[in-house]
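What follows is each chain in one-letter form.
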Amino acid sequence: MAKVTRDDVARLAGTSTAVVSYVINNGPRPVAPATRERVLAAIKELGYRPDRVAQAMASRRTDLIGMIVPDARQPFFAEMAHAVEQAAAERGKMVLVGNSDYLDEREVHYLRAFLGMRVSGLILVSQGPSETAASEIEAWDARVVLLHRRPDAIDDVAVVTDDVGGAQLATRHLLEHGVSYVACLGGTPSTPSVGDPVSDHVEGWRRAMAEAGRPTEGRLFQAPYNRYDAYEVALTLLAGPDRPPAIVCATDDQAIGVLRAARELRIDVPGELLVAGFDDVKEAGLTDPPLTTVASDRTTMARAAVDLVLDDALRVAGSRRERQKVFPSRLVVRRSCGCS
């Protein structure tokens, strides 16, 4: 059987091959709804399959979006990657995901690999791109959107959450339950001090404590972002003589580790210890007790990131504030904070 071509589709639909291309590629020019339906019907009837390799060679772009995350094993990054994949599918794109494991060299490895594949754009969730990574992006003149944090090393558009405000909400809420103070489980010594969500969560905690006239000295504890290492830190903290009455965690994964440690030590949550997290991963509603946390609209953020990386009109130069889309945080109240 002869291979079906774009010319065959155009003849059956009664239109030009250019219009067929506009339908297949969703642009760059608009197509009347009735014409679009004729083209789609012809494609279905003939069983036409576009040659994506040839398209990529002609346009020097593929239907791929590259996404680099620190660790897709962590629920927050897994859920964010899934939201980006769904948003990309709505635009006829597919997503390639690479894990940097918080290592600069792995981030650069995936940057070079994805850019070499001529992806349509990059969505970067980074702890803070190195100078090498920033240089690679500049050298390739790549379309890049920073998601979840805004590193200073790259002057590009970003989609972020109000992390400081969200942490303030969680800390204030715990203080309103009458505890003398709230401890904070922050990041590690390698956590960047500026622009990183975890650093912003710590800053929000500091501000809420200051508002309440409570000192923070000696009440910030370092812990990796995952539940397993946070569990080890929490075992030591909660078994010590100065056990805090409440803990706000920089991530839900950390908070899940804290809840596990409290259970092992027979510390009642929320009777003897209040706990709050940040991210509102799906598992937060299934912990025992269910975890009070801070949520952002990941679906809307993912769609905004995909639109920004694909649409030139949305990426016009402007001030730093204009080049950031900041989405609000909201408190999700469950039982770990003492609320019924």
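Just so it is clear, the model here is predicted, and its values are computed rather than measured.

**Q** I'm lost on helix H1 (residues 6-13) in this one. Help?
**A** What sets the pattern is the α-helix's 3.6 residues per turn: residues three or four places apart point alike. The set of residues buried in H1 consists of Val-9, Ala-10 and Ala-13. Buried residues of H1, seen end-on, are gathered within an arc of 100 degrees and therefore sit on one face of the element. The secondary structure elements touched by the buried residues of H1 are helix H2 (17-25) and helix H3 (33-46). Phi for Gly-14, located one or two positions after H1, is positive at around 70 degrees.

**Q** For this particular structure, what's the right way to read the packing of helix H6 (residues 104-116) against helix H7 (residues 131-140)?
**A** The description of two packed helices rests on the angle between their axes and on the distance between the axes. Between H6 and H7, the shortest axis-to-axis distance is 9 Å and the interhelical angle comes to 10 degrees. Taken together, H6 and H7 sit at an angle that is classed as roughly parallel. Two secondary-structure elements touch here, H6 through Glu-107, Val-108, Leu-111, Arg-112, Leu-115 and Gly-116 and H7 through Thr-132, Ala-133, Glu-136, Ile-137 and Trp-140. Of the residues contributing to the contact of H6 with H7, the split by class is 6 nonpolar, 2 polar and 3 charged.

**Q** Teacher, can you tell me more about the nonpolar core here?
**A** Looking at soluble globular proteins, one finds that nonpolar side chains tend to be buried together. Ranked by size, the top nonpolar core spans 67 residues in total, and within it Met-67 and Leu-147 carry the most contacts. Here this core spans two domains, and each of domain 2 (59-159 + 296-326) and domain 3 (161-295) adds at least three residues to it. Apart from the residues within four sequence positions on either side, Met-67 is in contact with Met-80, Ala-81, Val-84, Val-95, Leu-96, Val-97, Gly-98, Phe-114, Ile-123, Val-125 and Leu-147. Counting 17 residues, the second largest nonpolar core, distinct from the first, contains Val-108, Val-119, Leu-146 and Val-160.

**Q** What's the story with H7 in this structure? I'm lost.
**A** Inspection of H7 places Ala-133, Ala-134, Glu-136 and Ile-137 among the buried residues, and these make up the whole buried set. Projection of H7 onto a plane perpendicular to its axis shows the buried side chains occupying an angular sector of 160 degrees, all on one side. H7 presents Glu-131, Glu-138 and Ala-139 as exposed residues on the side facing more than 90 degrees away from its buried surface. Taken together, the buried residues of H7 touch H6, strand E3 (121-124) and strand E4 (144-147). Of the residues flanking the end of H7, it is Asp-141, one or two places downstream, whose phi is positive at about 50 degrees.

**Q** In this structure, what is going on with the sheet that holds strand E8 (residues 246-249)? I would like to understand it.
**A** Note on sheets: strands pair through backbone hydrogen bonds, and any given pair is parallel or antiparallel. With respect to topology, 4 strands assemble into an open sheet ordered E7-E6-E8-E9, the strand pairing being parallel. With one partner strand each, in any of the chains shown, strand E7 (220-221) and strand E9 (274-276) form the two edges of the open sheet.

**Q** Before we go on, may I ask you to explain the environment of Arg-172 in this structure?
**A** Checked against the element boundaries, Arg-172 lands in helix H8 (residues 163-176). The sequence separation of Arg-172 and Gly-204 amounts to 32 residues, and the corresponding C-alpha distance is 9.8 Å. Apart from the residues within four sequence positions on either side, Arg-172 is in contact with Ala-208 and Glu-211. Reaching out from Arg-172, the side chain makes a polar contact with the side chain of Glu-211 at a distance of 2.9 Å.

**Q** Is there a simple way to think about the environment of Pro-270 in this case?
**A** Among the structural elements, Pro-270 can be located in the loop between helix H11 (252-264) and E9. Residue classification places Pro-270 among the partly exposed residues on the basis of a relative accessible area of 24%. Each C-alpha atom of the pair Pro-270 and Pro-289 lies 7.9 Å from the other, and the pair is 19 residues apart in sequence. When sequence neighbours within four positions are dropped, the list of residues in contact with Pro-270 reads Arg-335, Ser-336, Cys-337 and Gly-338.

About the cut-offs
Residues numbered from 1 in each chain as written. Predicted model: local features only at pLDDT ≥ 70, side-chain atom pairs only at ≥ 80, totals over all residues. Heavy atoms only, no water. Buried < 20%, exposed > 50% of the residue type's maximum accessible area, 1.4 Å probe, protein only. Helix = DSSP H or I, 4+ residues; strand = E, 2+ residues; numbered from the N terminus. Arc of directions from axis to C-beta. Contact = heavy atoms within 4.5 Å. Axes fitted to C-alpha atoms, helices over the stretch in contact; angles between N-to-C directions. Parallel < 35°, antiparallel > 145°, perpendicular 65-115°, else oblique. Nonpolar A, V, L, I, M, F, W, Y, C, P; charged D, E, K, R; others polar. Core = buried A, V, L, I, M, F, W, Y, C linked by side-chain atoms within 4.5 Å. Domains from an automatic or database assignment. Pairing = 2+ DSSP bridges. Polar contact = N/O pair within 3.5 Å; in protein donor to acceptor, adjacent residues only side chain to side chain.

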